[in-house]
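The residues making up each chain are set out below.
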Protein chains: 2
Amino acid sequence: MNDSCSVRLQIFLQLQAVNKDLCSKFETCFGASTSRVEILHYLLQHGEVPQSSLQKEVNIDAAAVTRHLKQLEAAGTIVRYKKADDQRATWVKLDDEAQRHIEQSYQEKSQFIEETLADFSEEELQQFLHMLSKVSDNVSRVTKQHLGGEK
Amino acid sequence: MNDSCSVRLQIFLQLQAVNKDLCSKFETCFGASTSRVEILHYLLQHGEVPQSSLQKEVNIDAAAVTRHLKQLEAAGTIVRYKKADDQRATWVKLDDEAQRHIEQSYQEKSQFIEETLADFSEEELQQFLHMLSKVSDNVSRVTKQHLGGEK
DNA sequence: CCCATATAATTGATACATCAACGATTGATA
DNA sequence: TATCAATCGTTGATGTATCAATTATATGGG
């Protein structure tokens, strides 16, 4: 474990630690798990969508999405239904009232997000986002390379 | 949800996504969960330690640490024992042979870490680490402020 | 029309993290 | 010294993410 790698490992561990802390506080602040917020956020932006899209584009396993949706449906937060032309696909959208409630709640809670990224200039934010994207690209590339090389 | 918050929310979501991907590939590459690697890394750097230190300084719940250590002990990777002067504290250290194996394995696998952070200059790495630390600080500060304010 | 295949969603098994409660040991103090 | 509090580690209950297998539906080629 040489030095240049050690800095990188530190970044990796720090990334994990920050993410875990952030999720934890986020959940207590929003009153919902980050996964659930991610799903709701997607629905808020896309309106009515096929469940399959949700399952593909949200970074959560399809099985987990199914289970979240079942709970959200039971709570009346979302509605699910099929259309005549395809009995496989399930469509999902926010319940109207729930949507209004979520929009309002987002405004109240947006302060949390702003505070966790306080003392960042707009330029730094862009840089940060860019770095994250770069890591993301690297990760997906590494996978393909290593798929054959690893046991 | 105004614009400045939207960038921030995007960063948050991206942070999660990157972390999840990274962990997933990391695990298949290292053949051990990131939590376990974190524990082993700590032990590699600190030698013999009281279990309580491990539980405090590693970013994992104490109960989870206990369970990992039990498995690692069963596998012969670590050794646990008590000392005469305090029957509460348990001491933990890597098994000698396991330690050699891990050190060697780290060298083999360090390529993975390097590749995920490829195309980063040393300066960028420092910046990245600095940003993560800043977020970390902000998060812990926010918690305290909000403890009273949130329901 | 029949069959192979693809797609959509779900379920079961498993693993892990967290919280809360607990038992054991130690230290401090009245 | 008897008791109360603190510390250390563990366990049980719970929630959730993941993978693999499964069911139901749709589609395309012989």
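The structure under discussion appears in the preceding block.
Criteria and thresholds
- Residues numbered from 1 in each chain as written.
- Chains lettered and ligands numbered in written order.
- Predicted model: local features only at pLDDT ≥ 70, side-chain atom pairs only at ≥ 80, totals over all residues.
- Heavy atoms only, no water.
- Helix = DSSP H or I, 4+ residues; strand = E, 2+ residues; numbered from the N terminus.
- Rg over C-alpha atoms; globule rule 2.2 N^0.38 Å.
- Buried < 20%, exposed > 50% of the residue type's maximum accessible area, 1.4 Å probe, protein only.
- Contact = heavy atoms within 4.5 Å.
- Areas by Shrake-Rupley, 256 points an atom, 1.4 Å probe, with all protein chains shown as cover.
- Near = heavy atom within 4 Å.
- Polar contact = N/O pair within 3.5 Å; in protein donor to acceptor, adjacent residues only side chain to side chain.
- Nonpolar A, V, L, I, M, F, W, Y, C, P; charged D, E, K, R; others polar.
- Buried area = accessible area lost by both parts, 1.4 Å probe.
- Salt bridge = Lys/Arg side-chain N within 4 Å of Asp/Glu carboxyl O.
- Core = buried A, V, L, I, M, F, W, Y, C linked by side-chain atoms within 4.5 Å.
- Domains from an automatic or database assignment.

(A) How the structure looks around the overall build of chain A. Of regular secondary structure, chain A possesses six helices and three strands. In chain A, the succession of α and β elements from N to C terminus is α-α-β-α-α-β-β-α-α. The C-alpha atoms of chain A give 19 Å as radius of gyration, which overshoots the globular expectation for 151 residues (15 Å, by more than 25%). Taken over 151 residues, chain A has a buried fraction of 42%. In chain A, the proportion of contacts linking residues at least 24 apart, taken out of those at least 6 apart, comes to 46%. In the structure as shown, chain A presents an accessible area of about 8,100 Å², 47% of it carried by carbon and sulfur atoms.

(B) Highlighting the protein's contact with DNA strand C. Lining the immediate environment of DNA strand C, one finds 23 residues, of which Ser52(A), Lys70(A), Thr90(A), Ser35(B) and Gln87(B) sit closest. When atoms of DNA strand C within 4 Å of the protein are sorted by moiety, sugar and phosphate together comprise 61%. Ser52(A) is positioned such that a nitrogen or oxygen atom in its backbone is 2.6 Å from a phosphate oxygen of DNA strand C. Within the backbone of Asp61(B), a nitrogen or oxygen atom sits 2.7 Å from a phosphate oxygen of DNA strand C. Listed by contribution, the elements that provide at least two residues to the surface near DNA strand C are helix 3 (51-57), helix 4 (62-74) and strand 3 (86-94) of chain A together with helix 4 (62-74) and strand 3 (86-94) of chain B. Class assignment for the residues of the surface near DNA strand C results in five nonpolar, eight polar and 10 charged.

(C) How the structure looks around the protein's contact with DNA strand D. Every one of the 24 residues lining DNA strand D counts as a neighbour, but Ser35(A), Gln87(A), Ser52(B), Lys70(B) and Thr90(B) are closest to it. Looking at DNA strand D alone, sugar and phosphate atoms form 64% of those within 4 Å of the protein. Arg88(A) places a polar side-chain atom, nitrogen or oxygen, 3.4 Å from a sugar or linking oxygen of DNA strand D. Between DNA strand D and Arg67(B) there is a distance of 2.7 Å, counted from a base nitrogen to a side-chain nitrogen or oxygen. Of all the elements in the fold, those that place two or more residues in the surface near DNA strand D are helix 4 and strand 3 of chain A together with helix 3 (51-57), helix 4 and strand 3 of chain B. No other element matches helix 4 of chain A, which puts five residues into the surface near DNA strand D. Across the surface near DNA strand D, the residue classes break down as five nonpolar, nine polar and 10 charged.

(D) Representation of the interface of chain A and chain B. In this complex, chain A contributes 63 residues to the contact, which on the side of chain B involves 63 residues. Here chain A packs against chain B, burying approximately 6,700 Å² in sum over the two surfaces, 67% of which is carbon and sulfur. The largest per-residue losses of area from chain A upon contact with chain B belong to Arg8(A), Ile11(A) and Met131(A), which jointly make up 10% of the total buried on that side. Across the contact surface, chain A and chain B share four salt bridges. A salt bridge links Glu122(A) to Arg8(B); its shortest N-O distance comes to 3.8 Å. Remark: the boundary between chain A and chain B carries 10 residue pairs in polar contact (both at pLDDT 80 or more). Contributing elements (two or more residues each) for the side of chain A that touches chain B: helix 1 (3-30), helix 2 (34-46), helix 5 (96-116) and helix 6 (122-149) of chain A. Among the elements that make up the side of chain A that touches chain B, the one with the highest residue count is helix 1 of chain A (22 residues). Residues belonging to the side of chain A that touches chain B are distributed by class as follows: 29 nonpolar, 21 polar and 13 charged.

(E) Structural context of the nonpolar core. Phe128(A) and Phe128(B) are the most contacted members of the largest nonpolar core, which totals 81 residues. Examining the composition of this core, we find that 11 residues originate from one element, helix 1 of chain A, more than from any other. Each of two domains, domain 1 (7-118) and domain 2 (121-151) of chain B, supplies a minimum of three residues to this core. Every residue in contact with Phe128(A), bar those within four places of it in the chain, is listed here: Leu117(A), Phe120(A), Ile11(B), Phe128(B), Met131(B), Leu132(B) and Val135(B).

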